[in-house]
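Working through the structure, step by step
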Amino acid sequence: MPSAEDICAHEGDNPSRWLGAVSTPIFQTSLFSHRDHDSGYNYTRSANPTVEAAEAKIAALEGAERAACFSSGMGAISSAILHFVRAGSRVVAHRNIYGPARNFLSAYLSRFGVETVFVSGNDAASFSAAMNTHTSLVYLESPTTFLFLAQDIRGIAAAARARGAATVIDNTWATPLYQKPLALGADLSVHSASKYLGGHSDIVAGAIAGKAELVESIVRSERDHLGACMDPHQAWLLTRGLRTLPLRMERHSENAHIVAAFLEGHEMVERLYWPGAATYPDQAIVEAQMTGYSSVLSFVPRFPLERVGAFLSALKLLEVGPSWGGFESLAIAPGIFMDDSVMAELGLPRNLIRIAVGLESASSITEDLDDALRAAVASPPLVLGVKGTKNA
Ligand SMILES: *Cc1c(COP(=O)(O)O)cnc(C)c1O
């Protein structure tokens, strides 16, 4: 099997086909004319050579027969979910999946007679207990992105298969470098390529990977019908990002180890959530199914939510905002914009702070965190305003 480095450098690029261009050109065209010859391409919503170059790399990285790109992670996720449900279906999903995916399942699909049961356990028994004869889909996200809860992918996928249900997993946090869900029995691995795969905080993009027949079928039905196709320019930026994925992940992971150790030893930190930490509760699960740990982590400070705003404002190097997986370090506190009832339902500590560790020097990141932690304690507590409902 080719290495991830070789895949990212060369898979799907075809210089002899494109006048020797080592970088697949941007075919910024909506249609392909058939007057003089038939290239096999027809219309960019269905297929485009620049998009296919990105798809080839993602498929090879996932060890999949085929991958397909989408205009966003949510485009990929909603298309994948819709493929497996019809009126009367039951979906069994992990409780802590990405917020908009959770809303799509609970608030949106319920309009069409699709029921979702959310599970907080991490093993086959907890998921089996929630399945009934109408269960057509099990939807996982391992690790999840606020508390990094892991699920036993192999066991849960086998339990789903035994009942005739498919397993789809959001593999965004781990990336295909650190976790290959298809080899563990999942039917489809889905990604927000807006995060590490793109890696430069300059695109919103998504992808799915799995068996050729399944991915083709989703391309021909959900992607073509709903139209969440990838733009060629977006695909070119994604391919450009993918070329350095192994290099970037190595640094992200190295920096995360340093920042995690720093936070774990900090007097103003009560608890760290990160799969690479010695105190991580699902260690046996992640060790069995992951080969590395990426760089988004959370911690509970020894000060209340009322001082978390002061912590965020005191940061000088880290940006404050949603998303992650780019070059830049970021911080966000869900308690500032999420309702307390939702936080409680998801098991999120009220004053939780999430850090996306970027590619800056680790010492600059830890210094900035240290200064901000001290500034938060020295500041007067703030009165919180009305909370909104922003995504994170
Ligand atoms: C960002 C994200 C998504 C959604 O992806 P978009 O590209 O923003 O649509 C899905 N899952 C996870 C885990 C994410 O972090």
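The rules behind the values
Residues numbered from 1 in each chain as written. Predicted model: local features only at pLDDT ≥ 70, side-chain atom pairs only at ≥ 80, totals over all residues. Heavy atoms only, no water. Core = buried A, V, L, I, M, F, W, Y, C linked by side-chain atoms within 4.5 Å. Buried < 20%, exposed > 50% of the residue type's maximum accessible area, 1.4 Å probe, protein only. Domains from an automatic or database assignment. Contact = heavy atoms within 4.5 Å. Phe/Tyr/Trp six-rings, centres within 6.5 Å; stacked < 30°, edge-to-face > 60°. Helix = DSSP H or I, 4+ residues; strand = E, 2+ residues; numbered from the N terminus. Lys NZ or Arg CZ within 6 Å of the ring centre and 35° of its normal. Pairing = 2+ DSSP bridges. Axes fitted to C-alpha atoms, helices over the stretch in contact; angles between N-to-C directions. Buried area = accessible area lost by both parts, 1.4 Å probe. Salt bridge = Lys/Arg side-chain N within 4 Å of Asp/Glu carboxyl O. Nonpolar A, V, L, I, M, F, W, Y, C, P; charged D, E, K, R; others polar. Right-handed = clockwise from strand over helix to strand, strands pointing away.

Examining the nonpolar core
- Core analysis: the biggest nonpolar cluster contains 81 residues, and Leu-238 and Phe-311 have the highest contact counts within it.
- Counting residues domain by domain, this core receives three or more from each of domain 1 (4-243) and domain 2 (246-378).
- Apart from residues lying up to four places away in sequence, Leu-238 is in contact with Ala-54, Ile-58, Cys-69, Ala-193, Leu-197, Gly-198, Ile-203 and Met-230.
- Within the second largest apolar cluster, 28 residues are counted, among which are Ala-68, Val-91, Ala-93 and Ile-208.

Considering the packing of aromatic side chains
- Taken as a whole, this structure holds nine aromatic pairs when the rule is applied.
- Summarising the aromatic geometry, the rings of Phe-299 and Phe-311 are spaced 6.0 Å apart at their centres and angled 80° between planes, so their arrangement reads as edge-to-face. Residue Phe-299 is located in strand β9 (residues 296-301), and its partner Phe-311 is located in helix α12 (residues 305-314); the two are separated by 12 residues in the primary sequence.
- On the basis of relative accessible area, Phe-299 is assigned to the buried category, the value being 0%.
- Note on Phe-311: relative accessible area 0%, which makes it buried.
- Here the aromatic residues Phe-104, Tyr-108 and Phe-112 are joined through ring pairs into a cluster of three or more.
- Its end group placed over the ring of Trp-324, Lys-195 keeps NZ or CZ at 5.0 Å from the ring centre.
- Over the aromatic face of Phe-70 sits the side chain of Arg-223, whose NZ or CZ is 5.8 Å from the ring centroid.

Brief notes about the sheet that holds strand β3 (residues 115-119)
- The strand order across the open sheet formed by seven strands is β1-β7-β6-β5-β4-β2-β3, and the pairing between neighbours is mixed. On the outer flanks of this sheet lie β1 (66-70) and β3, each paired with one strand and no other. On average, each strand axis in the sheet is tilted by 20° relative to the strand beside it, whichever way the strands run.
- Direction of pairing for strand β4 (residues 135-141) relative to strand β5 (residues 166-170): parallel, over a ladder of five bridges. Counted as the bridge partner of Leu-137 is Ala-166 from β5.

A look at the domain arrangement of the protein
- Splitting the protein by domain gives domain 1 (4-243) and domain 2 (246-378).
- For domain 1 versus domain 2, the separation of C-alpha centres amounts to 26 Å.
- Facing the 38 residues of domain 1 at the interface are 39 residues of domain 2.
- Taken together, the two surfaces of domain 1 and domain 2 that pack against each other cover about 3100 Å², and 61% of this comes from carbon and sulfur.
- When the buried surface of domain 1 facing domain 2 is broken down by residue, Phe-146, Tyr-178 and Tyr-196 rank first, second and third, together holding 28% of it.
- Applying the counting rule to domain 1 against domain 2 returns one salt bridge.
- Note that Arg-102 and Glu-345 form a salt bridge whose closest N and O atoms lie 2.6 Å from each other.
- Where the side of domain 1 that touches domain 2 is concerned, the elements lending two or more residues are α1 (4-10), α6 (153-162), α7 (175-178) and α9 (232-242).
- Considering only residue class, the side of domain 1 that touches domain 2 consists of 17 nonpolar, 14 polar and seven charged.

Section: the pattern of salt bridges
- By the definition in use, this model includes 16 salt bridges.
- The closest approach of N and O atoms between Arg-35 and Asp-36, which form a salt bridge, is 4.0 Å.
- Under the relative-accessibility criterion, Asp-36 is labelled exposed at 67%.
- In this structure, Glu-216 and Arg-66 form a salt bridge, with 2.7 Å as the shortest nitrogen-oxygen distance. With Glu-216 in helix α8 (residues 212-226) and Arg-66 in strand β1, the pair connects residues that are 150 residues apart, well separated along the chain.
- Judged by its relative accessible area of 26%, Glu-216 falls in the partly exposed class.

Considerations on the pairing of β5
- Most of β5 is tucked away: five of the five residues are buried.
- Where burial is concerned, the two faces of β5 agree: the one with Ala-166, Val-168 and Asp-170 and the one with Thr-167 and Ile-169 are both buried.
- Of the crossover connections in this fold, the one passing from β4 over α6 to the parallel β5 is right-handed.
- Bridge count for β5 against strand β6 (residues 188-192) is three bridges, and the pairing is parallel. Among the inter-strand pairings, Asp-170 is bridged to a residue of β6, identified as Val-190.

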